[in-house]
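Structural features, examined
Spelled out, the chains give:
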Amino acid sequence: MFSTFPGHIKFTDEKTGAGRMAGVSFGGTVKRICIDLIPEAEAGDYILSRAGFALCVIDKEESKRTAAAAKEIEIKFRTENGEIL
Amino acid sequence: MNFLHDYRDIDRARTIAAAAASRSKHSWKIMDASGSHAANLIKFGLDKIISERINIVYGPGSPLCMAPVEVIDKAISAASENHLTVAAAEEMTLVPGSRHNLKSMKYTGCDIETVASAVEALQLAEKEPQKKIIFLNAGFENDAAVTACVLQIAEERELKNFTVLCSHLRYSAGLSEVMRKKRLEIHGIIANGDVSAVTGTAGLKRIASDYRIPVVISGSEPVDMVHAIYLLIMQLEEGGCDVVNQYSRCVKEEGNKKAAEAIDKVYAVTDMNWRGIGRLPASGYSLKQDFGRYDAEKVFKLKYTLPEESIFCIAGKIHTGTKRPEECTAFGKLCTFEHPIGAPMALPDGACAAVYNFLSRKKNN
């Protein structure tokens, strides 16, 4: 079993067919990741990578929505407890 | 990645954990079937904040802790008796077989290669054509999709010295069987988001509807984990039993169709042993006949004796939420992180290792 990491696609190979690769940055270190499972991926996308394969494109808008919802819970709770007035 | 900062804010995670605890008006027993999340909650001290009214028990969510003993025994047999090269992830080499793990076999001279990715295993086969490489992989659908892809690449590149030994499990089908077979008394489930990114939400919807319990699909960052618990508590307090997708940035309702196609092309559904739990119907995958030439077990006729799980390890009870690691008689005595006897202690993200390491740190402070 391998771990799952989010990464940022910097470039994709022109080659088509099995084993198409992309250069993906993980905190600044660029590694070659196979994008056979997400052929629609392109440079600029964020992806979830496992064992050298990209499993999905991370939806940036959904990410912002979820982060905002979590922040709202935090603010509401802090306000209820008198931390934020 | 900038947007991840929001999900790694530990102060925010602590506040949301406290909010979850305060919203919980009843005592709830929830199952963490998300793999390493419970271990991460312990690591960040979040479990203590939410533990007053919310009892988090471990579920069968850690792919390596569920890997059957026999797949490790077969890999050891391949390396020690057939003198083949076994390529596997570092963590995979720590998983106990009946008597040894792959890491200990490496020290006896067996050719065990640790690889950082499945692609590296393929490259190893291309670089060293004189070696016969067996890629060992386990896990749920997200790992099954990777193995399926690797096989399709090996087929296109006509690699003759590459085979796989895999024991892939079907997450929702297995979880549902565990619920049924063990008659688990739990109120809600935190589900594995990385697996759901491949499978989608249909299997979990069946569990929510069959057992009338809420399920929240969670990401693996600290804020994700407590946010998922918060959403589960809100559902429990309101009497809901739906599937809520906290990890919508990665999980779509339909999952990854390309991955599902790869899985369908390469595997047939089969009964599978889940470590400590037993054989569950239609809970795993075996390679289809079309891919028989890549099936290491068949190609090399791997021999192994009847697999034995340690009589001291209660992993099955821990992964069905009926016992906690501290309740195991071997915990911290016969079984330690330095000398583990069971998979949940051997793996850094395992339930026993997380509790053991937390207690050790506490003792040392």
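Computed from a predicted model, the values in this text were never measured in an experiment. (Residues numbered from 1 in each chain as written. Chains lettered and ligands numbered in written order. Predicted model: local features only at pLDDT ≥ 70, side-chain atom pairs only at ≥ 80, totals over all residues. Heavy atoms only, no water.)

The next thing to look at is the side chain of Ser-24 of chain B. When you line up the elements, Ser-24 of chain B lands in the loop between helix H1 (10-23) and strand E1 (28-33). Residues contacting Ser-24 of chain B, with those up to four places away along its chain left out, are Arg-53, Ile-54, Ile-233 and Glu-237 of chain B. (Helix = DSSP H or I, 4+ residues; strand = E, 2+ residues; numbered from the N terminus. Contact = heavy atoms within 4.5 Å.)

Moving on to the packing of helix H1 (residues 60-80) of chain A against H1 of chain B. Relative to each other, H1 of chain A and H1 of chain B sit at 65°, their axes nearing to 9 Å. As far as their axial angle goes, H1 of chain B and H1 of chain A are roughly perpendicular. For the pair H1 of chain A and H1 of chain B, the crossing hand works out as left-handed. The segment H1 of chain A lies against H1 of chain B, with Ala-67, Ala-70, Lys-71, Ile-73, Glu-74, Lys-76, Phe-77, Arg-78 and Glu-80 of chain A engaging Asp-11, Arg-12, Thr-15, Ile-16, Ala-18, Ala-19, Ser-22 and Arg-23 of chain B. (Axes fitted to C-alpha atoms, helices over the stretch in contact; angles between N-to-C directions. Parallel < 35°, antiparallel > 145°, perpendicular 65-115°, else oblique. Left-handed = near helix turned anticlockwise from the far one by under 90°.)

Let's shift gears to the confidence of the model for chain B. Overall, the prediction assigns chain B a mean pLDDT of 92, with 99% of residues at 70 or greater. Both confidence scores are given for the complex: pTM 0.94, ipTM 0.94. (pLDDT = per-residue confidence, 0-100.)

All right, on to the sheet that holds strand E9 (residues 243-245) of chain B then. All names here are of chain B. Read across the sheet, five strands follow the order E2-E1-E7-E8-E9 without closing on themselves; strand pairing throughout is parallel. Each end of this open sheet is capped by a strand with a single partner; those strands are strand E2 (54-58) and E9. Strand-to-strand twist of the sheet, defined as the mean angle between neighbouring strand axes without regard to direction, takes the value 25°. Here four bridges tie strand E7 (residues 188-192) to strand E8 (residues 215-218), and the two strands are oriented parallel to one another. Note that in E8 the partner of Ile-189 across the bridge is Val-215. Sitting on the sheet, helix H9 (residues 171-182) touches E1 and E7, and the angle it makes with E7 is about 155°. (Pairing = 2+ DSSP bridges.)

Turning to empty space enclosed by the protein, a few remarks are in order. All names here are of chain B. Counting across every chain of the model gives three cavities of 30 Å³ or more. Forming the boundary of the largest cavity are 13 residues, of which Cys-313, Cys-328, Cys-335, Met-345 and Cys-352 lie nearest the centre. Classifying every residue of the lining of the largest cavity by side-chain character gives twelve nonpolar, one polar and no charged. If you go around the second largest cavity, the residues you meet are Asp-32, Gly-35, Ala-38, Ala-39, Tyr-58, Gly-59, Ser-62, His-319, Asp-349, Gly-350 and Ala-351. Looking at the lining of the second largest cavity residue by residue, the classes come out as four nonpolar, five polar and two charged. (1 Å grid on protein atoms, 1.4 Å probe; cavity = no way out; pocket = protein on both sides within 12 Å on 5 of 7 lines; lining within 4 Å. Points joined across faces, edges and corners; volume = space filled by probe spheres on them. Nonpolar A, V, L, I, M, F, W, Y, C, P; charged D, E, K, R; others polar.)

Residues and elements named next belong to chain B. Strand order in this open sheet of six strands is E4-E3-E5-E6-E11-E10, and the pairing throughout is mixed. Strand pairing shows two members of the sheet lacking a second neighbour, strand E4 (112-114) and strand E10 (267-274), which therefore form its edges. On average, each strand axis in the sheet is tilted by 25° relative to the strand beside it, whichever way the strands run. In terms of strand pairing, strand E5 (residues 133-139) meets strand E6 (residues 162-169) through seven bridges, oriented parallel. Across the sheet, Ile-134 pairs through a bridge with Thr-163, a residue of E6. Here helix H8 (residues 141-156) sits on the sheet and contacts E5, E6, E10 and strand E11 (278-287); the angle it forms with E6, its principal contact strand, is near 160°. Running over the sheet, helix H13 (residues 257-266) touches E10 and E11 and is turned about 85° from E10.

Before going further, it helps to examine the environment of Ser-3 of chain A. All names here are of chain A. By the secondary structure assignment, Ser-3 is in the segment before strand E1 (4-12). The partly exposed category is assigned to Ser-3, whose relative accessible area is 39%. When residues no more than four places from it in sequence are discounted, the contact partners of Ser-3 are Ser-49, Arg-50 and Ala-51. (Buried < 20%, exposed > 50% of the residue type's maximum accessible area, 1.4 Å probe, protein only.)

Moving on to the interface of chain A and chain B. At the interface, 39 residues of chain A touch 53 residues of chain B. The tally of links between chain A and chain B comes to four salt bridges. Across the salt bridge formed by Arg-50 of chain A and Asp-143 of chain B, the nearest N and O atoms sit 2.8 Å from each other. The interface formed by chain A and chain B contains 14 residue pairs in polar contact (both at pLDDT 80 or more). Elements with a minimum of two residues in the side of chain A that touches chain B: E1, strand E4 (46-50), strand E5 (53-57) and H1 of chain A. Per-element accounting of the side of chain A that touches chain B gives the leading share, 13 residues, to H1 of chain A. For the side of chain A that touches chain B, the residue count by class is 22 nonpolar, seven polar and ten charged. (Salt bridge = Lys/Arg side-chain N within 4 Å of Asp/Glu carboxyl O. Polar contact = N/O pair within 3.5 Å; in protein donor to acceptor, adjacent residues only side chain to side chain.)

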